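Report on the structure
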Amino acid sequence: MRKRSACESPATTGVRSTGRMPIHLRMNLNIPGDFAMTTPRFVQIHSLIAYPAALLNRDDSGLAKRMPFGGATRTRISSQCLKRHWRVAEDEWALSKIGPEMAVRSRKIPEERILRALEQAAIGTSETRKAACDALAIALYSKSAAKDPSSRQALLIGDPEITYLIEKAKIAAGEADAKAATTSIETLFKKEEKKNLSAMLEAKGTLNAGLEAALFGRMVTSDPDANTNAAVHVAHAFTVHREESETDYFTVVDDLETGTGAGGIFDTELTAGLFYAYVVVDVPTLIANLANDAPLAGKVVEHLVHLIATISPGAKKGSTAPYAYADLVLVESGTRQPRSLANAFREACRPTVADATAKLAGHLSRIDAMYGAKETRRVAALDAQVALPSTSAAILIDALAEAVAAEVAGV
């Protein structure tokens, strides 16, 4: 019997690998060359991260978002907020640095992307350029919303799709007059080019809709066939303890006033908390959305693990500097339907990482006792001695992300 690797759970022991992990990964993780590796159906990413004196995600009244859970009100960060910050992050693990083209979510794509491209190319006249873009706005959004961008629904359109539309808009803008330009775009969406355009918008797994759509999905209410199923499912993050908040009273000092110098009196809410966050990657859907490129899917998951651990959401950045790294990241990979570990905190615990980790460990143990431990688990944590069921000692976040990426890539 071969010796089990330090990073294997009992559930994976004895399964033979169909390939070899790159040598630098085996060196980082101390994994033998015949380490068992199969592509998982799901990758689940759990994290604990704490923020002091911050206002991470506001509601329509300017207060921190909240949710009731287990009879206690918790501070919440919406999944939309989390995904937005991961999408636009600009560090070494940015999604934009993976390779595939990105996408634009906006109500003003015809005016801000297509019209500007026509103006830079100096094609046609100002009238034909505007007519072409107005016709595109009607086709993309609706006739009633075309004239007023503020009444439109923001669409997620991939850079390859925008490039295609720009090329067709150039042809229309080159027409003799505005009417002919409009007719050219209408023809694009109704007659000669309709099949080409529809095929591009509806093609699944081609990355036409951009990397964001491949990860987080896309819904186009006017054209259901252009929808893309999300491969990354993101839960709302919430505090493992009862909400902790206070009202911050402050004044703006008028430098040219005498006396108190108060130029205004204001107040805002500040919160503090230890949050549990949960993300699921549907691996087959991700690979399919990425044109069946498994190595690319592995790279995406590697970046995603880093983004989840290190990218902070937050309003009022100038006055609260709400930046933090995760205290703990637990990644599970397996074939069963995923399940959140949020119920570990159904009964609010003390706002400490030690208590939250103990809650996680206890809940995992109960799940394993009832359903069995069938996932491969890896953990990275500030406390190197953290103990969770069926996991080895904590490893570096780099090693964790690399190992999971290798699994997804089928290495």
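See the structure shown above.
Conventions adopted
- Sequence positions are assigned chain by chain, starting from 1 and proceeding in written order.
- Two thresholds apply to this predicted model, a pLDDT of at least 70 for residue-level local features and 80 or more for giving and counting side-chain atom pairs, whereas whole-chain, interface and lining totals are computed over all residues.
- The basis for every side-chain value is the complete set of heavy atoms in the structure, and neither hydrogens nor water enter the calculation.
- What counts as a helix is a DSSP run of H or I of at least four residues, what counts as a strand is a run of E of at least two, and both are numbered from the N terminus.
- Think of it in three bands: residues with accessible area under 20% of the maximum for their type are buried, residues over 50% are exposed, and the middle band is partly exposed, with areas taken using a 1.4 Å probe on protein chains only.
- In short, Shrake-Rupley with a 1.4 Å probe defines the accessible areas, and a residue's cover is counted only from the protein chains shown.
- Here, two residues are considered to be in contact whenever any of their heavy atoms come within 4.5 Å of each other.
- Each helix should span, by expectation, one fewer than its residue count multiplied by 1.5 Å.
- In protein, a polar contact requires one atom able to donate a hydrogen and another able to accept it; more generally it is a pair of N or O atoms within 3.5 Å, and residues adjacent in sequence count only if both atoms are side-chain atoms.
- Nonpolar cores are built from buried Ala, Val, Leu, Ile, Met, Phe, Trp, Tyr and Cys residues. Side-chain atoms within 4.5 Å join them into one set.
- Angular values range over 0 to 180 degrees, each being the angle between N-to-C directions of two axes fitted as lines to C-alpha atoms, with helices fitted over their stretch in contact.
- Any angle that falls under 35 degrees is termed roughly parallel, while one over 145 is termed roughly antiparallel, one within 65 to 115 roughly perpendicular, and all others oblique.
- It is the rotation of the near helix from the far one that decides the hand of a crossing: anticlockwise by less than a right angle makes it left-handed, clockwise makes it right-handed.
- Residue polarity is assigned by list, with Asp, Glu, Lys and Arg as charged and Ala, Val, Leu, Ile, Met, Phe, Trp, Tyr, Cys and Pro as nonpolar; anything else, Gly included, falls into the polar class.
- Each Phe, Tyr or Trp ring, with Trp reduced to its six-membered ring, pairs with another whose centre is within 6.5 Å; inter-plane angles below 30 degrees give stacked pairs, above 60 give edge-to-face pairs, and intermediate values give tilted ones.
- Here a strand pair is declared whenever DSSP counts at least two bridges between the two strands.
- Site definitions follow a grid-based scheme: protein atoms alone, a 1 Å grid, a 1.4 Å probe that fits but cannot get out for cavities, and for pockets an open set with protein on both sides within 12 Å along at least five of seven lines, plus lining residues having an atom within 4 Å of a point.
- Grid points are joined across faces, edges and corners, and a volume is the space filled by probe spheres set on the points.

Re the overall build of the protein
Of regular secondary structure, the protein possesses 13 helices and 11 strands. Looking at the protein as a whole, 51% of its 411 residues are labelled buried. When the accessible area of the protein is evaluated, it comes to approximately 19,700 Å², of which 52% is carbon and sulfur surface.

Notes on the environment of Leu360
Tracing the sequence through the fold places Leu360 in helix α12 (residues 353-371). When the C-alpha atoms of Leu360 and Leu388 are compared, they prove to be 7.6 Å apart, with 28 residues separating the residues in sequence. Residues contacting Leu360, with those up to four places away along its chain left out, are Leu48, Tyr276, Leu328, Leu341, Ala344, Phe345 and Leu388.

Let's talk about helix α10 (residues 294-310)
When the terminal C-alpha atoms of α10 are compared, their 25 Å separation across 17 residues agrees well with the 24 Å that a helix rising 1.5 Å per residue should span. Counting buried positions along α10 gives 14 out of 17 residues, so the element sits mostly inside the fold. The backbone nitrogen of Leu296 lies 3.0 Å from a side-chain oxygen of the residue at the head of α10, namely Asp293.

Some details on the environment of Leu95
As for its placement among the helices and strands, Leu95 is situated in the loop between α2 (79-88) and β4 (103-106). Excluding residues that lie within four positions of it along the chain, Leu95 makes contacts with Trp86, Arg87, Met102, Leu211, Leu215, Phe216 and Leu307.

Remarks on the nonpolar core
Grouped together as the largest cluster of nonpolar side chains are 52 residues, with contacts concentrated most on Trp86, Leu215, Leu286 and Leu290. Broken down by element, the residue count for this core peaks at 10 residues, all from α10. Counting 26 residues, the second-largest nonpolar core is a separate cluster that includes Leu328, Ala361, Val386 and Leu388.

Looking at the environment of Pro100
You can see Pro100 is positioned in the loop between α2 and β4. For the pair Pro100 and Asn208, spaced 108 residues apart in sequence, the C-alpha separation works out to 9.6 Å. Setting aside its immediate chain neighbours within four residues, Pro100 contacts Leu207, Leu211 and Leu296.

Comments concerning the packing of helix α3 (residues 109-121) against helix α4 (residues 126-140)
At a minimum axis distance of 10 Å, the contact between α3 and α4 shows a crossing angle of 150°. As summarised for this structure, α3 and α4 are arranged roughly antiparallel, according to the angle between their axes. Crossing handedness for the pair α3 and α4: right-handed. Listed contacts from α4 to Pro110, Ile114, Leu115, Leu118 and Glu119 of α3 are Arg129, Lys130, Cys133, Leu136, Ala137 and Leu140. Broken down by class, the residue content of the contact of α3 with α4 amounts to 8 nonpolar, no polar and 3 charged.

Here's the deal with the packing of aromatic side chains
Each pair of aromatic rings is reported with the distance of its centres and the angle of its planes. If you walk through the whole model with that rule in mind, you get 5 aromatic pairs. Each ring, one from Tyr51 and one from Phe275, has its centre 6.1 Å from the other, and the planes form 70°; the classification is edge-to-face. Linking Tyr51 in strand β1 (residues 42-54) with Phe275 in strand β9 (residues 262-282), this pair joins segments that are 224 residues apart in sequence. Residue class for Tyr51 comes out buried when judged on its relative accessible area of 5%. In textbook terms, an aromatic cluster arises when at least three aromatic residues are bridged by ring pairs, as seen for Phe69, Phe238, Tyr276 and Phe345.

Considering the pairing of β1
Of all 13 residues that make up β1, 10 are buried, and the element is covered over most of its length. As judged from the 11 bridges shared by β1 and β9, these two strands associate in the antiparallel manner. Residue pairing across strands places Gln44 opposite Val280, the latter belonging to β9.

A short note on empty space enclosed by the protein
Applying the stated criterion to the full structure yields 3 cavities of 30 Å³ or more. As a volume, the second largest cavity reaches approximately 100 Å³. Taken together, Ser47, Ile49, Tyr51, Ile77, Leu82, Trp86, Ala237, Phe275, Ala277, Ile308, Ile311 and Pro313 make up the full set of residues lining the second largest cavity. For the lining of the second largest cavity, the secondary structure elements donating two or more residues are β1, α2 and β9.

Let's talk about the packing of α4 against helix α6 (residues 178-190)
Interhelical geometry of α4 versus α6 gives an angle of 30° and a closest axis separation of 8 Å. In terms of orientation, α4 and α6 fall into the roughly parallel class. Handedness of the crossing formed by α4 with α6: right-handed. Contact residues: α4 offers Glu127, Thr128, Ala131, Ala132, Ala135, Leu136, Ala139 and Leu140, while α6 offers Ala178, Ala181, Thr182, Ile185 and Phe189. Across the contact of α4 with α6, the residue classes break down as 10 nonpolar, 2 polar and 1 charged.

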